[in-house]
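Listed below, chain by chain, are the residues.
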Amino acid sequence: MNLITRSLNEGINIDIIYFDGECFTKRKIRVHSLTENAVEAYCYLRKAPRTFKTYGILAVSLHSFEGRSGSYRRINNQLPG
């Protein structure tokens, strides 16, 4: 199961590596909605809801409670609508 979809369905936090066109950031998020082009999620880094373009999400992993993340998986940017 895609981790982004799992976050949406199960309410779990995930970590993403995101590229906004200028810089890379690691974000801990909880997904609220998902479309083919965007992920709406609560971002713990910004402490606010954010919209992430799917083509900017470069890697996804389950969030670790110990402050360390698990292995990242590259995604192919083809998310379910």
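These numbers come from a predicted model, not from an experiment. (Residues numbered from 1 in each chain as written. Predicted model: local features only at pLDDT ≥ 70, side-chain atom pairs only at ≥ 80, totals over all residues. Heavy atoms only, no water.)

**Details of helix 1 (residues 3–10)**
We count it as follows: Burial status follows relative accessibility: with a 1.4 Å probe on protein chains alone, a residue under 20% of its type maximum counts as buried, one over 50% as exposed, and anything between as partly exposed. Runs of H or I in DSSP of at least four residues are treated as helices and runs of E of at least two as strands, each being numbered from the N terminus. Throughout, a contact is declared for two residues whenever any of their heavy atoms are within 4.5 Å. Polar contacts, as counted here, are pairs of nitrogen or oxygen atoms within 3.5 Å of one another; within protein the pair requires one atom able to donate a hydrogen and one able to accept it, and residues that are adjacent in sequence qualify only if both atoms are side-chain atoms.
For helix 1, every residue scored as buried is listed here: Leu 3, Ile 4, Thr 5 and Ser 7. Structurally, helix 1 contributes buried residues whose contacts are with strand 1 (14–19), strand 2 (24–34), strand 3 (38–43) and strand 5 (57–62). Put simply, Asn 2 is the residue that caps the front of helix 1, since its side-chain oxygen is 2.7 Å from the backbone nitrogen of Ile 4. Of the residues one or two after helix 1, Gly 11 is the one with positive phi, at around 70 degrees.

**Observations concerning the nonpolar core**
Rule in force here: To qualify as a nonpolar core, a set must consist of buried Ala, Val, Leu, Ile, Met, Phe, Trp, Tyr and Cys residues joined through side-chain atoms within 4.5 Å.
Ile 4, Ile 14, Ile 16, Ile 29, Val 39, Phe 52 and Ile 57 are the most contacted members of the largest nonpolar core, which has 14 residues in total. Elements represented by at least two residues in this core include exactly helix 1, strand 1, strand 2, strand 3 and strand 5.

**Considering the environment of Pro 49**
Within the fold, Pro 49 resides in strand 4 (residues 48–53). Beyond its immediate sequence surroundings of up to four residues, Pro 49 is in contact with Ala 41 and Tyr 42.

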